[in-house]
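Each chain, letter by letter, is given below.
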Amino acid sequence: MSAKILDGKKLSSQIKLKIFEEIKELKLKNITPGLAVIIVGEDKASKIYVRNKEKACQEVGIVSQKFELPETTSENEILELIKKLNTKEDIHGILVQLPLPKHIDENKIINLISKNKDVDGFHPYNLGNIMIGRESFVSCTPQGILELIKSENIAIAGKECVIVGSSNIVGKPMAMMMINNNATVTVCNIFTKDLESHCRRADILIVAVGKEKLITASMVKKGAVVIDVGINKNKDGHICRDVDFESVSKIAGYITPVPGGVGPMTIAILLQNTVLSAKEFYKF
Ligand code: NAD
């Protein structure tokens, strides 16, 4: 292997330590950041993600309140809960774990979350701010990726950045952030013709698709920075990646591992956003 590992676990621990110190200071002023976490249904992966987020909150001193709702919960019930949480003074962040059951309109739910408590950065207002490069809540996964890249002092301006996957929570905000950092950006999706030729041009290749080993060594430029966002279970129940780590790590300059790459960074940024929200609330 020649690629250097972009260690999200290590960087996220450093960020969490800073947050812990910051919250210690806030608590001296009787300020405790609070995060509400709403989970609907029985999706096993979602339950694991929520447990990891709660654990991270505990580590840094954020009070998390979990609302576990049955699969049969109506859209209205969730909307009513969000309305209440929007007005609660001890809640500074509201997170709705996605995906929601099919009978619930995710956009309607996200749109109702107060833009000032949207610590996931999914609200159209905050996504719009990314578009114009204005500071607000940043989408956690793209921001985590950006911080991981910057932690190694990797230059972004003028680089060819190819993003595979164009979701609202990863691909699109990532593209905007890379444009804001003056990269030349290409976004690929399932309809892209000749994905390989696009990927091979990338100095920075970010993959958020959810297909095991979609990216192989022949698709990667020598020395490229390769970020693997995918976390999936294959048919044997093993966690798998979008990038074929074995072969690509021999070609790439930098690569993220899964687990221990983007996942922990996403959570670290969520915590950062929650503290930011509490500080804004108390004008601290
Ligand atoms: P999504 O599932 O909403 O959409 C997938 C995207 O991939 C679409 O834009 C689709 O067009 C594209 N795509 C599918 N097949 C393709 C192909 N063969 N070639 C090119 N593009 C293709 O996306 P998402 O919600 O961003 O999730 C993507 C992956 O990232 C999933 O594995 C998810 O679990 C993971 N994820 C990880 C984190 C984290 O914190 N590590 C956060 C969010 C998502």
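In what follows, the structure referred to is the one given above.
Here's a quick rundown of the structure. These numbers come from a predicted model, not from an experiment.

**Details of the sheet that holds strand E4 (residues 93-96)**
Then, in step 1: Strand order in the open sheet made by the three strands is E3-E2-E4, with parallel pairing throughout. Each end of this open sheet is capped by a strand with a single partner; those strands are strand E3 (63-69) and E4. On average, adjacent strands in this sheet sit at an angle of 15 degrees to one another, irrespective of strand direction.
Then, in step 2: Two strands pair when backbone bridges link them, and strand E2 (residues 34-40) and E3 are joined in this way by seven bridges, in the parallel orientation. Bridge assignment links Ile39 to a residue of E3, and that residue is Glu68.

**A look at helix H3 (residues 75-87)**
Then, in step 1: The terminal C-alpha atoms of H3 lie 19 Å apart, and with 13 residues this matches the ideal 18 Å at 1.5 Å per residue to within 8%.
Then, in step 2: Buried residues of H3: Glu75, Ile78, Leu79, Leu81, Ile82, Leu85 and Asn86, and no others. Buried positions in H3, seen along its axis, are confined to an arc of 160 degrees and lie on one side of it. In H3, the exposed positions angled more than 90 degrees off the buried face are occupied by Asn76, Lys84 and Thr87.
Then, in step 3: Residues of H3 that are buried in the fold lie against E2, E3, E4 and helix H4 (106-112).

**Thoughts on the sheet that holds strand E6 (residues 184-188)**
Then, in step 1: The strand order across the open sheet formed by six strands is E1-E11-E8-E7-E5-E6, and the pairing between neighbours is parallel. Bordering the open sheet on either side are strand E1 (4-5) and E6, each of which pairs with just one other strand.
Then, in step 2: For strand E8 (residues 225-228) and strand E11 (residues 254-255), the ladder comprises two bridges, and the chain directions are parallel. Paired with Val225 across the two strands is Tyr254, which belongs to E11.

Quick notes on the rules
Residues numbered from 1 in each chain as written. Predicted model: local features only at pLDDT ≥ 70, side-chain atom pairs only at ≥ 80, totals over all residues. Heavy atoms only, no water. Pairing = 2+ DSSP bridges. Helix = DSSP H or I, 4+ residues; strand = E, 2+ residues; numbered from the N terminus. Axes fitted to C-alpha atoms, helices over the stretch in contact; angles between N-to-C directions. Expected span 1.5 Å × (residues − 1). Buried < 20%, exposed > 50% of the residue type's maximum accessible area, 1.4 Å probe, protein only. Arc of directions from axis to C-beta. Contact = heavy atoms within 4.5 Å.

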